[in-house]
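Architecture and fold: a report
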Amino acid sequence: GITVVNEGAIAIDGFNNYGILGQSRGTIADVTIGNLGSITLTNGGNSTGLFGFQQARSADAFIGNSGAISGSGLLMRGIGIDTDAGDADGVSIFEMINEGDLVMGAGNALNIVADDIVITNSGILSTVLASSDVVVLEAIRDDDGVARIDFTTSGDIIATGPDSSG
């Protein structure tokens with residue numbers, strides 16, 4: 001499996017970047033990402049602070065974040081998860097706990113595409129530019145025909161740009 005832990009500050013300038021990327025492939029490859037530091041994405045587009053990409057046939061994954069993630073630019077994501085290619089014939093569990101504030105320009109604070117995930121959030125989730133969806137949750141059915149996204153938040157969800165939604 002893969003374990004990535006960041007305790008420092010990450011600053012990225014430009015397009016098509018990841019602050020932290022954890023990706024699994026193969027038969028069984030668990031992924032764990034822990035972020036305690038800040039992640040700043042500037043002058044960007046199509047960039048993500050933390051991204052978990054589970055492509056393993058059977059694997060568990062966990063993302064824990066307590067750091068602030070911010071971004072300026074278009075198509076930004078604070079935390080992104082994609083398990084669309086995973087869980088083809090095995091059992092996979094994806095869990096995400098966010099305690100940090102995610103403040104993005106245009107894009108999403110959270111962008112989740114998954115077949116089975118539990119998300120707990122206590123941080124502020126916010127976008128500040130036009131045409132942004134603060135939280136995007138897309139359930140994808142796997143081979144067993146079941147899709148589940150459990151999302152619990154005690155933090156504020158704020159969309160301040162025109163034509164934006166929480």
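Data block above holds the structure.
Rules used throughout
- Residues numbered from 1 in each chain as written.
- Predicted model: local features only at pLDDT ≥ 70, side-chain atom pairs only at ≥ 80, totals over all residues.
- Heavy atoms only, no water.
- Helix = DSSP H or I, 4+ residues; strand = E, 2+ residues; numbered from the N terminus.
- Rg over C-alpha atoms; globule rule 2.2 N^0.38 Å.
- Buried < 20%, exposed > 50% of the residue type's maximum accessible area, 1.4 Å probe, protein only.
- Contact = heavy atoms within 4.5 Å.
- Areas by Shrake-Rupley, 256 points an atom, 1.4 Å probe, with all protein chains shown as cover.
- Lys, Arg positive; Asp, Glu negative; His and termini not counted.
- Charge placed at Lys NZ, Arg CZ, Asp CG, Glu CD.
- Core = buried A, V, L, I, M, F, W, Y, C linked by side-chain atoms within 4.5 Å.
- Salt bridge = Lys/Arg side-chain N within 4 Å of Asp/Glu carboxyl O.

A look at the overall build of the protein chain
Each helix and strand counted, the protein chain has zero helices and 17 strands in total. Computed over its C-alpha atoms, the radius of gyration of the protein chain comes to 15 Å, within 12% of the 15 Å expected for a compact globule of 166 residues. Among the 166 residues that make up the protein chain, the fraction classed as buried is 48%. Within the protein chain, contacts between residues separated by at least 24 positions form 77% of all contacts whose residues are at least 6 apart in sequence. Looking at the protein chain as shown, the accessible area adds up to about 7,400 Å², and 51% of this sits on carbon and sulfur atoms. Distance between charge centres in the protein chain, computed from 5 positive and 21 negative side chains, equals 8 Å.

Quick look at the nonpolar core
Side chains of a nonpolar character, in soluble globular proteins, are inclined to be buried together. Ranked by internal contacts, the top residues of the largest apolar core, which has 27 residues, are Leu50, Ile63 and Ile79. Not counting residues within four places of it along the chain, the set of residues in contact with Ile63 comprises Ile33, Leu50, Gly52, Ile79, Gly80, Ile81, Phe94, Glu95, Met96 and Ile97.

Brief notes about the pattern of salt bridges
Under the counting rule described, the total for this entry stands at two salt bridges. Note that Arg148 and Asp116 form a salt bridge whose closest N and O atoms lie 2.6 Å from each other. One end of the pair, Arg148, is in strand E16 (residues 148-153); the other, Asp116, is in strand E13 (residues 116-121), and 32 residues separate them in sequence. Taking the relative accessible area as the measure of exposure, Arg148 reaches 34% and is therefore partly exposed. A salt bridge links Asp150 to Arg148; the shortest N-O distance between them is 2.7 Å. Residues joined in a network through salt bridges with shared partners are Asp116, Arg148 and Asp150.

That is the geometry; function is a separate question.
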